[in-house]
Structure formats: structure tokens, C-alpha cells
Amino acid sequence: MAQIDLQDIAHSYLAKPKDESDYALKRIHTVWEDGGAYALLGPSGCGKTTLLNVISGLLAPSQGRVLFDGSDVTDLSPEKRNIAQVFQFPVLYDTMSVYNNLAFPLRNRGMGESDVKTHVLEVADILDLTPFLNKRAAGLTADAKQKISLGRGLVRSDVAAILFDEPLTVIDPHLKWQLRQKLKEIQDRLKLTLIYVTHDQVEALTFADQVMVMYEGELVQTGTPQALFENPEHKFVGYFIGSPGMNFLPCTLDGNTARVDGAGIVLDDDTAALGQKAQGKMEIGIRPVYLEVHTNAVKGGLLVKIKEVEDQGSFKIITVRLAGNTLRARLPEDQAIPENEAWLRFPTRRTKLFADGRLVR
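Residues numbered from 1 in each chain as written. Predicted model: local features only at pLDDT ≥ 70, side-chain atom pairs only at ≥ 80, totals over all residues. Heavy atoms only, no water.

Caption draft 1: Fine view of the environment of R345. Residue placement: R345 occurs in strand 20 (residues 341-345). For R345 and Y290, which are 55 residues apart along the polypeptide, the C-alpha to C-alpha distance reads 9.2 Å. (Helix = DSSP H or I, 4+ residues; strand = E, 2+ residues; numbered from the N terminus.)

What follows is the structure in C-alpha cells.
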């Protein structure tokens, strides 16, 4: 395995990019530690696969350098970087048996048959492929074929890193959970450097120790699942992580109070002080789970109109209108909700302030 160091990586698919909007990747500078489990998370078109291809060597970046354990590999081919990559759709040999598919990358590197057998049987056991080892890959289900593809990446213990590009797209939802758990167990046991690309926040947050959120070619935040939820540093992270996403309200500052069309929401003193120095469009943000909904008037509460209540089984999502803005709150299933109006309270320590889409801090 290897530490991967990306130094000021940027890439444009245009021969002569004119400005930042022409870049698929915009100055990415980060280090991925040896043996870490990482997820690249973001919507389609944000640059995830482009970045993965830069790491693997399938794509040469327009600028910047890629280092593996301190050695510059920017100009090396994928073969010389010793990377294993698992793609969205299975890449395997249909006419070969499952055993021979798993053995192929090892034999291709000259490994002896005794060691090949040991590695293949270990990976087959981990992925529950042992009963299928003597069957041809062509006759298996899409789930099983993708397991083989995963196994071809995992069977090599000498790789610098294993890159997964949306590998569970074709997998049944129930099996997705099982395979994520398997990958996590493998990573914990073998200390592999795994980089997992996905647009699914559940996949990213349940697999990775560190999640890297991408937006419009930029790496906007890296952190643990809890850090991304509790302290989003970019408006997109607040919106993309969590269900429903973070509520955002345009505001102006009046001392330690955020004014939303006249309604006053108190900020903590540190946030208010930083906000006075910040520039740009101001917005407050709060997670639906932290909004307090009261039947009667409370100190610091704001009267709101109730527009909709959705019963999700174990919780309720309530949609309200405040000063022309729509907000959502997530409430326990057993909490009583009035029919038309309620009092909404913003807990001070849970209310964040953003300037031009960036957390004020």
C-alpha cells in the first residue's frame, strides 16, 4: 500500500482552457494516508472519476504532481503505478471459471501456483464466492460478476491502492449493504489503501473513515461522517449530506442577531463576531434534526405556518414557512404537531453562518 499525495492537481479536457470554468478539476491538494479507507463523494459530473483516473494514471493532469510514498508517478503508466481499479460494471473474462478470473492478475505477475491458490481461496471465502469457483463467470448473476471484479482487485496484496469507481451500482440494494461491510472488514484486516468513488452518501458514510466531498471540480471538505454532518464547511456539504439536507435562509446581521425578513435569530457571540468581519452573501444554516418545533410560544421562538407533515415511520418531517422561506424539521414519531401553526426555535450552538456559501469560522 502507499501514501498518495496530490500536489496542486488541476485538469481541463480543453487544449487551451481560458478560465476556471474550463477545468474539470480545480487545484486539489491533499494527502491520503497509507492504509486508509477513503470515499470520494459528490453528484455526477463533479470530477470524481476524473480525479480517480489521474491517480490511476489513466489520465495525465493538466497541472500538478502525483506522488506515491514520496515518489513522483505523474508520468508513469497505470501498470507501473501498481494500482488495482474496480469499475462500475464488471470487468472479467466470461469464458473463464471464477477461480481463473481471480487467479489471472496473480499469474500475470509470475506468482507461483501454490501462492496463487492461497490468495484466491482467501478472497473467495471473504466474498462468499467459494461455491462458484469452478463455474464459468458467464453463467452467474450481475451481483456475483461484480463480486468477481471486486475480488480481482482485492486478490493482489502488493498494490499501492485499490480504486473503486461506483462498484455497487449494479448490485441488489440488500447485497450492497453486505458488500460494503465485507469491504470494510477486508480493509480493517489487511490495512489496504481503498478509495471509493460514489454519488450515494449512505455508501460513502458507512464505508469510509474519511469522506472527501467534491463539488464542481473542487474538493470542498474532507472529514469523518460526523464532522461533515455537524460542521459542514461549504453550503453544498450541508445540502448534500443528510436527509433532508440543511436548511439555509438568507439573512443580514444586526449585532449578534441574524435578520431573516425581519425575523430575528440569535447567533452565538463568536459566530456573530466572525460574521461582522466576513464579506459576501450571508445565510444561516441549520440541520432539520436540530430545529425545535413547539406547540406554544417559547423564548426565542418564531411563529411559523405548517405546510406539510410527512410520516416516515420512525420520525416525521414537517415543512413550514418562515418569512417567505421554506424549512424542514425532523421530529420524533411520538411528538405531537399542531395543525396550522407552531413556534420554531433555532438552538444557538446549532445555527451556522455562511458567507458566499462558505462556513464563517
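Back to the text.
Caption draft 2: Examining unusual backbone geometry more closely. At the junction of S243 and P244, the peptide bond is cis and its omega measures out at -5° in the coordinates. For P244, the position within the fold is in the loop between helix 9 (235-240) and strand 11 (247-250). Located in the positive-phi region is D8, a residue other than glycine, with phi close to 50°. Note on placement: D8 falls in strand 1 (residues 4-11). Despite not being glycine, R27 shows a phi value in the positive range, around 40°. Along the polypeptide, R27 turns up in strand 2 (residues 25-32).

Caption draft 3: Representation of the pairing of strand 8 (residues 194-198). Most of strand 8 is tucked away: 5 of the 5 residues are buried. Residues L194, Y196 and T198 point to one face of strand 8 and I195 and V197 to the other, with burial holding for every one of them. Here strand 3 (residues 37-41) runs beside strand 8; their pairing, made up of 5 bridges, is parallel. If you follow A37 over to strand 8, its bridge partner there is L194. For strand 7 (residues 161-165) and strand 8, the ladder comprises 4 bridges, and the chain directions are parallel. Counted as the bridge partner of D165 is V197 from strand 8. (Buried < 20%, exposed > 50% of the residue type's maximum accessible area, 1.4 Å probe, protein only. Pairing = 2+ DSSP bridges.)

Caption draft 4: Quick peek at helix 5 (residues 142-154). Taking 1.5 Å of rise per residue, the 13 residues of helix 5 would be expected to cover 18 Å, and the 18 Å separating its terminal C-alpha atoms lies within 8% of that figure. Close packing links the buried residues of helix 5 with strand 6 (83-86), helix 3 (98-107), helix 4 (113-126), strand 7 and helix 6 (173-190). (Expected span 1.5 Å × (residues − 1). Contact = heavy atoms within 4.5 Å.)

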